[in-house]
Amino acid sequence: MDGHRPLNPAFWWVDGTGAEVKWSFEELGEQSRKAANVLGGACGLQPGDRMMLVLPRLPEWWLISVACMRTGVVMIPGVTQLTEKDLKYRLQISRAKSIITTNSLAPHVDAISADCPSLQTKLLVSDSSRPGWMNFKELLREASTGHNCVRTKSRDTLAIYFTSGTTGNPKMVEHSQSSYGLGFVASGRRWVALTESDIFWNTTDTGWVKAAWTLFSAWANGACIFVHELPQVGAKVILNTLTKFPVTTLCCVPTIFRLLVQEDLTRYSFQSLRHCLTGGEALNPDVREKWKSQTGLELHEGYGQSETVLICANLRGMMIKSGSMGKASPPYDVQIVDDEGKVLPPGEEGSVGVRVRPTRPFCFFNCYLENPEKTAASERGDFYLTGDRARMDKDGYFWFMGRSDDIINSSSYRIGPVEVESALAEHPAVLESAVVSSPDPIRGEVVKAFVVLSPAYSSHDPEALIRELQDHVKRMTAPYKYPRKVAFVSELPKTVSGKIQRSKLRNQEWGR
Ligand SMILES: Nc1ncnc2c1ncn2[C@@H]1O[C@H](COP(=O)(O)OP(=O)(O)OP(=O)(O)O)[C@@H](O)[C@H]1O
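Residues numbered from 1 in each chain as written. Predicted model: local features only at pLDDT ≥ 70, side-chain atom pairs only at ≥ 80, totals over all residues. Heavy atoms only, no water.

Participant: It is not clear to me how the overall build of the protein chain should be interpreted in this structure. Could you clarify?
Facilitator: Counting its regular elements, the protein chain contains 14 helices and 27 strands. Taken over the C-alpha trace, the protein chain has a radius of gyration of 23 Å; the compact-globule value for 512 residues is 24 Å, and the two agree within 12%. Each of the three principal axes of the protein chain carries a C-alpha extent, and together these read 70 × 55 × 45 Å. Looking at the protein chain residue by residue over its 512 residues, the buried ones come to 58%. Contacts spanning at least 24 positions in sequence make up 66% of the contacts within the protein chain whose residues lie at least 6 apart. Of the accessible surface of the protein chain, which amounts to about 21,300 Å², a share of 49% is contributed by carbon and sulfur atoms. (Helix = DSSP H or I, 4+ residues; strand = E, 2+ residues; numbered from the N terminus. Rg over C-alpha atoms; globule rule 2.2 N^0.38 Å. Buried < 20%, exposed > 50% of the residue type's maximum accessible area, 1.4 Å probe, protein only. Contact = heavy atoms within 4.5 Å. Areas by Shrake-Rupley, 256 points an atom, 1.4 Å probe, with all protein chains shown as cover.)

If you want it as structure tokens, here you go:
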């Protein structure tokens, strides 16, 4: 680049109590070469070997990720909330040869390692030592800075992600070097709008696929990855961090934006924030509007899965239709299709499909490992089916209705939970809600809303509030969609990535 270097660091980590780690691109290169030598040396890992990576938001997570790319070692990220049973299942089925984690999870790994014959080395990120474990920090200090990257092919495996397993055992999603390696470069530019002057903060957990979205989009565009350790994710810590640090680009799941807009945002003056993103579940239009009116900043929603890169998005500069997850993101050909994979006309509800024939996109998962039946079942005709239901309008904008299992069939009306939740979100009493089907002797099933109330409404008369919310939904959307049943709850069940688990509430309703 003609001697030109980005002004920002490549990586900037803070822990909220004053500790900071900053690496320039040169330092990142050096540190990752050392880390690669730890993997290939002390750990004895060869290209194609698999390594589980279960770390909180510590700098080592990013270092090991790059070291895996350098060495051709396949990374398998996991969330730190994994139990012994989860760890055992993942280590056994993936046949991972190595695991890296911290003191809090190490005893759980020890408890099951005897049942995981493939596991050969255990690496600890800690200032203390533990029998049976190698200390990563010590090894890193002593490692050589010279390393030549292993040459990988575009179809070689880069990473394996476990799905969250809502419908059975978690599945292993295999991604190739080209899939993430190239797939996020374009979305980093066109959706995340990254340049060398940007400092990108994505608050996601490292075990979730969205951390890879940042990893592969930021550095390829010369941007800085900003990380807050965030032992507890809260609105105030996020807003204060944006005030204190020159973060230009912020990505949080909608759940977090729902929390942020509860605060008086006009009291905060963000240093450099200019571009905001969300995804992972549906963004309620009301949240986007509140965020925009208080900060002056647009919220760009994107939609994708562990199996894909960005499928749909509100790209930089695109006109946004509130409530829509945007248009198909190139190079994907995204269509609404029926159960046979036939393309449906604009306006009709169907499955969100990504064309995989005649050519499978280069930025797409290879398969569900060891599960050819599941891989085959995910395709119909020329399309991969995402398992989500949506409509596309005549301008090519996609409108998410819900996951196939979450759609409610009441007296032969099909109702997507998101529309009802978005209508509820527009009432000041509603902090957030989850809408699911509930059994009904006459209609078969009806709409039930679980509502978390805003503090100001918590002592209101519940019966009167239920009627008010029902009338409100009837006014905001087609009246047949209103929740015939409403329950007030103190919180909603969520995944570690912050997504509402409607299936849990639905099972509870149906006594499953
Ligand atoms: N912008 C969005 N709007 C609505 N839903 C979204 C959006 N982005 C992602 N999603 C939902 O998240 C899903 C992808 O999530 P992910 O791949 O992280 O795993 P999961 O579906 O939560 O796990 P599992 O497949 O094990 O149940 C999508 O299929 C969709 O249902």
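After that view of the structure, there is still more to cover.
Participant: What is the right way to look at the packing of helix H6 (residues 177-190) against helix H7 (residues 209-218) in this model?
Facilitator: Each pair of packed helices can be described by the angle between their axes along with the distance between the axes. At a closest axis distance of 8 Å, the pairing of H6 and H7 adopts a crossing angle of 75°. By the angle class used here, H6 and H7 are roughly perpendicular. Contacts between H6 and H7 involve Tyr180, Gly181, Phe184, Val185 and Gly188 from the former and Val209, Ala212, Trp213, Phe216 and Ser217 from the latter. Classifying every residue of the contact of H6 with H7 by side-chain character gives 7 nonpolar, 3 polar and no charged. (Axes fitted to C-alpha atoms, helices over the stretch in contact; angles between N-to-C directions. Parallel < 35°, antiparallel > 145°, perpendicular 65-115°, else oblique. Nonpolar A, V, L, I, M, F, W, Y, C, P; charged D, E, K, R; others polar.)

Participant: Any chance you could explain the environment of Pro462 here in plain terms?
Facilitator: Structurally, Pro462 is set in helix H13 (residues 462-476). Note: C-alpha distance between Pro462 and Phe488 (26 residues apart in sequence) is 8.2 Å.

Participant: Can you walk me through the packing of aromatic side chains in this structure?
Facilitator: The relation between two aromatic rings is expressed through the spacing of the ring centres and the mutual angle of the planes. This structure, assessed with the given rule, holds 22 aromatic pairs. Seen from their ring centres, Tyr413 and Tyr480 are 4.0 Å apart, and the 15° between their planes marks the pair as stacked. Of this pair, Tyr413 sits in strand E24 (residues 413-415) while Tyr480 sits in the loop between H13 and strand E27 (485-488); the two residues are 67 residues apart in sequence, bridging distant segments of the chain. Exposure remark for Tyr480: the relative accessible area of 31% places this residue in the partly exposed category. Here the aromatic cluster, defined as three or more aromatic residues joined through ring pairs, consists of Tyr161, Tyr180, Phe184, Trp191, Trp213 and Phe216. We note Lys22 situated over the ring of Trp12; from NZ or CZ to the ring centre the distance is 4.1 Å. One cation-aromatic arrangement involves Lys474 over Tyr482; the distance from NZ or CZ to the ring centre is 4.2 Å. (Phe/Tyr/Trp six-rings, centres within 6.5 Å; stacked < 30°, edge-to-face > 60°. Lys NZ or Arg CZ within 6 Å of the ring centre and 35° of its normal.)

Participant: Hey, could you run me through the packing of helix H2 (residues 59-71) against H7 in this one?
Facilitator: At their nearest, the axes of H2 and H7 sit 12 Å apart, and the two run at 70° to each other. Taken together, the axis directions place H2 and H7 in an arrangement best described as roughly perpendicular. The handedness of the crossing between H2 and H7 is right-handed. Where H2 approaches H7, its residues Trp61, Trp62, Ser65 and Met69 are matched on the opposing element by Ala211, Leu215 and Phe216. Counted by class, the contact of H2 with H7 contains 6 nonpolar, 1 polar and no charged residues. (Left-handed = near helix turned anticlockwise from the far one by under 90°.)

Participant: Looking at this structure, I do not really get unusual backbone geometry. What am I missing?
Facilitator: Most peptide bonds take the trans configuration, and most residues that are not glycine carry a negative phi. Omega for the bond connecting Pro330 with Pro331 falls within 30 degrees of zero, at 10°, which places this linkage in the cis form. Within the secondary structure, Pro331 sits in the loop between strand E16 (327-328) and strand E17 (334-337). Here the residue pair Arg357 and Pro358 is connected by a cis peptide bond, since its omega of 10° sits within 30 degrees of zero. Tracing the backbone through its elements, the reader meets Pro358 in the loop between strand E18 (350-355) and strand E19 (367-368). Of note in the backbone geometry, Arg95 takes a positive phi value of approximately 55° without being a glycine. When its relative accessible area of 44% is taken as the criterion, Arg95 is described as partly exposed.

Participant: Any chance you could explain the pattern of salt bridges here in plain terms?
Facilitator: Here the idea is simple: oppositely charged side chains can pair when their charged atoms come close. Applying the stated criterion across every chain yields a total of 28 salt bridges. The residue Asp286 makes a salt bridge to Lys290 at a minimum N-O spacing of 3.0 Å. Within this pair, Asp286 and its partner Lys290 are both found in helix H10 (residues 285-295), separated by 4 residues, close to a single helical turn. Given the relative accessible area of 11%, Asp286 is considered buried. Residue class for Lys290 comes out partly exposed when judged on its relative accessible area of 32%. Of the charged contacts, one joins Glu432 and Lys494 as a salt bridge, the two residues approaching to 2.7 Å between their closest N and O atoms. Taken together, the positions of Glu432 in strand E25 (residues 430-440) and Lys494 in the loop between E27 and helix H14 (502-510) put the pair 62 residues apart, joining distant regions of the chain. Judged by relative accessible area, which is 13%, Glu432 ranks as buried. What emerges from the salt-bridge pattern is a single network uniting Arg258, Glu281, Glu432 and Lys494. (Salt bridge = Lys/Arg side-chain N within 4 Å of Asp/Glu carboxyl O.)

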